[in-house]
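Given next are the chains, with one letter for each unit.
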Amino acid sequence: MRKTLLLFLFIFISNQKCSLQAQTSPVPCVQIFYDTAPEGEVENHFGRIHALFVQNLMGHFPSWQQKVAPIKTYRRNQLEDCKANIYLGTHFRAEIPKQFLEDFVNTQTNTLWAGYHIWKLDSENLKKIWGVVFKGLSQLDWDSLDSKKRPGFYKLYTYKGEVFEKYGEYDRKDSKKFNAAFEQTLFELCETRPPNSQVVSWAKHNNRIEMAPYVLNNKNLWYIADSPFSFATEKDRYLIFTDLLFDLLEESPLYEKVRPAFVRFEDIHPQIPIWQLDIYTKVFAQAGVPFGISLIPVFSDPFMIRVDDPAERTIVLSQRPYFIDFLNRAKVRGASVILHGVSHQYRNQKNPFNGLSGDDFEFWDGINHRPIPEDSIEYVINRLELGMGLLKGAGLSPQAWLTPHYQASPLDFILFGQLFLWNIGRVTYFPFHTNGIEELHDELRLENDTNLPSHKKLRHSHFEKLKVNYPKNLLPSGQFFPFEIWGDIYGQRLLPENLGNIQPFFNEQVHMTQEPKEILDSARRNRVLRDHWASLFVHPVLILSQEDEGIGRFSGDGRAVLELLQKIEAMGYEFLDLQKWVKEESRAKRPQPFEVSS
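Remember, predicted model here, so these are calculated numbers, not experimental data.

Give a description of the overall build of the protein chain that names residues and reports values.
Counting its secondary structure elements, the protein chain contains 12 helices and 31 strands. Against the globule reference of 25 Å for 598 residues, the protein chain gives a C-alpha radius of gyration of 24 Å, in line with a compact fold. Along the first, second and third principal axes, the C-alpha atoms of the protein chain reach 75 × 55 × 45 Å. The buried share of the protein chain, taken over its 598 residues, is 63%.

Talk me through the packing of aromatic side chains; I want residue IDs and the actual numbers.
The tally for this structure, following the rule as stated, stands at 45 aromatic pairs. Here Tyr238 and Phe480 contribute two aromatic rings whose centre-to-centre distance is 5.3 Å and whose plane-to-plane angle is 70°, an arrangement assigned as edge-to-face. With a gap of 242 residues between them, Tyr238 in helix α4 (residues 238-249) and Phe480 in the loop between β26 (477-479) and β27 (485-486) connect regions that are remote in the sequence. By relative accessible area, Tyr238 is classed as buried at 2%. Judged by its relative accessible area of 1%, Phe480 falls in the buried class. Geometrically, the ring pair formed by Phe284 and Phe291 is stacked, given 4.2 Å between the ring centres and 25° between the ring planes. Its guanidinium or amino end placed over the ring of Phe303, Lys350 lies 5.3 Å from that ring's centre, counting from NZ or CZ. The ring of Phe164 carries Arg525 above its face, with NZ or CZ at 5.9 Å from the centroid.

Summarise the packing of helix α8 (residues 410-419) against helix α9 (residues 453-463); cite the residues concerned and give the values.
In contact at an axis separation of 12 Å, α8 and α9 are set at 135° when each is read in the N-to-C sense. Regarding the angle of α8 to α9, the classification is oblique. As α8 packs across α9, the resulting crossing turns out to be right-handed. Facing Leu415, Gln418 and Leu419 of α8, the residues of α9 in contact are Arg459, His462 and Phe463. Broken down by class, the residue content of the contact of α8 with α9 amounts to three nonpolar, two polar and one charged.

Run through the confidence of the model for the protein chain, naming residues and quoting values.
Summing up the model confidence of the protein chain, the mean pLDDT is 92 and the portion of residues at 70 or higher is 95%. Between residues 1-25, whose pLDDT stays under 50, and residues either more than four places distant or in other chains, the model counts 125 contacts.

Describe in detail the pattern of salt bridges, supporting the description with residues and values.
Inspection of the entire model under this criterion finds 38 salt bridges. For Arg48, the salt bridge identified is with Glu595, shortest N-O distance 3.8 Å. Linking Arg48 in helix α1 (residues 46-58) with Glu595 in strand β31 (residues 594-595), this pair joins segments that are 547 residues apart in sequence. For the pair shown, Arg48 and Glu595 are each scored as buried. In this structure, Arg264 engages Glu266 in a salt bridge whose closest nitrogen and oxygen atoms are separated by 2.7 Å. A relative accessible area of 0% means that Arg264 is categorised as buried. Using a relative accessible area of 0% as the deciding quantity, one classes Glu266 as buried.

Before we move on, could you go through unusual backbone geometry and cite the residues and values that matter?
Glycine aside, residues mostly have negative phi angles, and peptide bonds mostly take the trans form. The step from Asn351 to Pro352 runs through a cis peptide bond, and the omega angle for that step is 0°. As for its placement among the helices and strands, Pro352 is situated in the loop between β18 (335-339) and β19 (364-365). The phi dihedral of Lys149 is positive, around 65°, even though this residue is not glycine. Tracing the backbone shows Lys149 in the loop between β5 (132-137) and β6 (154-159).

Can you break down the environment of Asp488 residue by residue, with the values?
Relative to the elements of secondary structure, Asp488 occurs in the loop between β27 and β28 (493-495). With relative accessibility at 0%, the residue Asp488 sits in the buried group. As a C-alpha pair, Asp488 and Val258 span 230 residues in sequence and 25 Å in three-dimensional space. The contact partners of Asp488, leaving out residues within four places of it in the chain, are Asn56, Val427, Tyr429, Leu494 and Arg590. For Asp488, the side chain forms a polar contact with the main-chain nitrogen of Gln492, separated by 2.7 Å.

Rules of the game
Residues numbered from 1 in each chain as written. Predicted model: local features only at pLDDT ≥ 70, side-chain atom pairs only at ≥ 80, totals over all residues. Heavy atoms only, no water. Helix = DSSP H or I, 4+ residues; strand = E, 2+ residues; numbered from the N terminus. Rg over C-alpha atoms; globule rule 2.2 N^0.38 Å. Buried < 20%, exposed > 50% of the residue type's maximum accessible area, 1.4 Å probe, protein only. Phe/Tyr/Trp six-rings, centres within 6.5 Å; stacked < 30°, edge-to-face > 60°. Lys NZ or Arg CZ within 6 Å of the ring centre and 35° of its normal. Axes fitted to C-alpha atoms, helices over the stretch in contact; angles between N-to-C directions. Parallel < 35°, antiparallel > 145°, perpendicular 65-115°, else oblique. Left-handed = near helix turned anticlockwise from the far one by under 90°. Contact = heavy atoms within 4.5 Å. Nonpolar A, V, L, I, M, F, W, Y, C, P; charged D, E, K, R; others polar. pLDDT = per-residue confidence, 0-100. Salt bridge = Lys/Arg side-chain N within 4 Å of Asp/Glu carboxyl O. Polar contact = N/O pair within 3.5 Å; in protein donor to acceptor, adjacent residues only side chain to side chain.

So, in structure tokens, the structure goes:
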């Protein structure tokens with residue numbers, strides 16, 4: 001599979017419904033408020049989507065209790081209920097209670113406002129808090145086109161001496177459609193400003209010499225000039241938001257001098273040529289870095305895209321002793337195994353590309369954009385037990401799970417989060433409700449299972465009452481994480497994948513290309529951000545020459561990957577041993593959130 005550098009939009013509705021007033025919490029809490037459509041309009045879930053992503057990021061701070069509610073339900077003095085508050089203005093016509101506007105001006109809590117409606121504070125309050133005058137909302141500038149005839153907008157964002165960037169490109173399928181989150185609130189600074197007010201980040205117009213305040217701060221109050229989640233890429237202003245959470249919550253970073261890094265060897269299955277695999281593991285060994293192997297135990301090629309012999313359309317791990325030998329050699333060289341699906345494709349069908357392992361979806365209908373017909377508790381658990389049985393039969397113990405193409409149903413992701421201690425990569429989200437479930441006992445998780453019949457029975461019975469509901473007419477939405485998450489809204493512990501991959505060429509699965517230099521630029525830029533990792537993946541095909549869609553000067557040349565890993569380490573990152581990490585990292589998951597529904 002050539003994984004795309006996905007442009008992520010978003011979605012979710014939380015799974016707990018409680019009254020915020022009725023809760024008292026022994027741990028610090030954060031309230032997350034979001035917009036809903038005004039009465040008479042169809043709800044698009046967009047505000048809840050953005051709140052969901054904040055919830056997921058809060059998983060990096062697992063001691064905090066989350067309380068989530070539509071802003072229209074706000075009551076007088078509610079900001080004082082928690083130590084920190086976040087409001088996301090995403091709907092231009094949303095109803096904002098007068099009590100919230102008045103409380104925001106006077107609150108002593110740490111409160112961050114992002115996006116629309118800041119102009120409702122009135123001009124005197126804007127001057128009093130930040131010393132600014134509201135000028136309007138920015139638009140695409142079609143009078144100042146760049147060399148590719150792309151319109152101008154506020155694209156570049158300064159922060160701590162680095163520059164982050166919004167995405168803005170024409171759609172590859174519709175050349176007249178320009179994709180960008182171009183709109184933001186515009187301010188003019190007053191000549192006389194409050195003594196504690198500051199511009200934390202400036203937005204720069206990419207085609208004109210114009211700047212506008214992007215992040216404003218005065219003591220306990222922050223404002224961000226948009227809701228920073230749409231079209232997020234590896235170098236996006238979204239990363240500024242993730243860093244501001246440390247200030248809002250007054251949390252210290254986990255990592256000071258040395259940052260974690262992680263590299264995984266992607267889409268490895270029994271049909272990949274052993275010489276490619278061995279060269280790559282030698283590259284990792286020469287760099288002196290441990291690595292992960294994203295292992296697909298069943299290779300399937302129903303339409304014979306890669307194989308010539310019909311007998312090899314399906315190859316199971318146990319049928320390739322020399323491949324198992326390679327995996328054992330890799331373990332000696334520092335490899336940890338990650339279960340990356342069972343076949344990473346779906347039956348004998350194109351889903352949606354070619355039916356080939358690594359290219360197609362396994363747990364998701366990629367043609368109709370919905371769960372596969374068999375999607376159920378029994379189907380998912382049986383399939384995962386099959387994959388785990390194949391690995392353990394070969395003497396392999398996977399350390400984590402990686403969802404094929406990052407996509408599955410909410411039910412599936414909840415199961416992944418329960419059945420595996422750690423998950424890796426990016427995740428797609430839906431609005432969903434569930435009746436809830438208790439945490440699975442450690443001995444029943446698939447990494448720990450001894451394949452006892454009693455364990456299989458207990459595992460299935462543990463989930464038999466689980467119910468998950470979500471809208472069937474919404475596309476999934478995704479998020480990537482810059483640091484580890486001790487519990488997303490599905491309950492998954494997640495190791496990040498925030499640098500993407502080397503992708504020198506476009507293909508039907510790829511929306512963006514990326515060279516090693518761009519990965520290094522992101523790793524360097526992220527050093528000003530707290531707790532951010534350098535986590536990436538590489539495909540076997542990169543070892544080939546450029547004529548064969550690799551990055552080598554000749555077939556078998558791994559120098560570009562070696563230099564990439566060495567340069568990341570030289571920046572102050574340290575590649576982690578996944579097996580060691582899983583054993584040593586013992587933080588509990590974040591508490592279940594409380595939610596007030598609309």
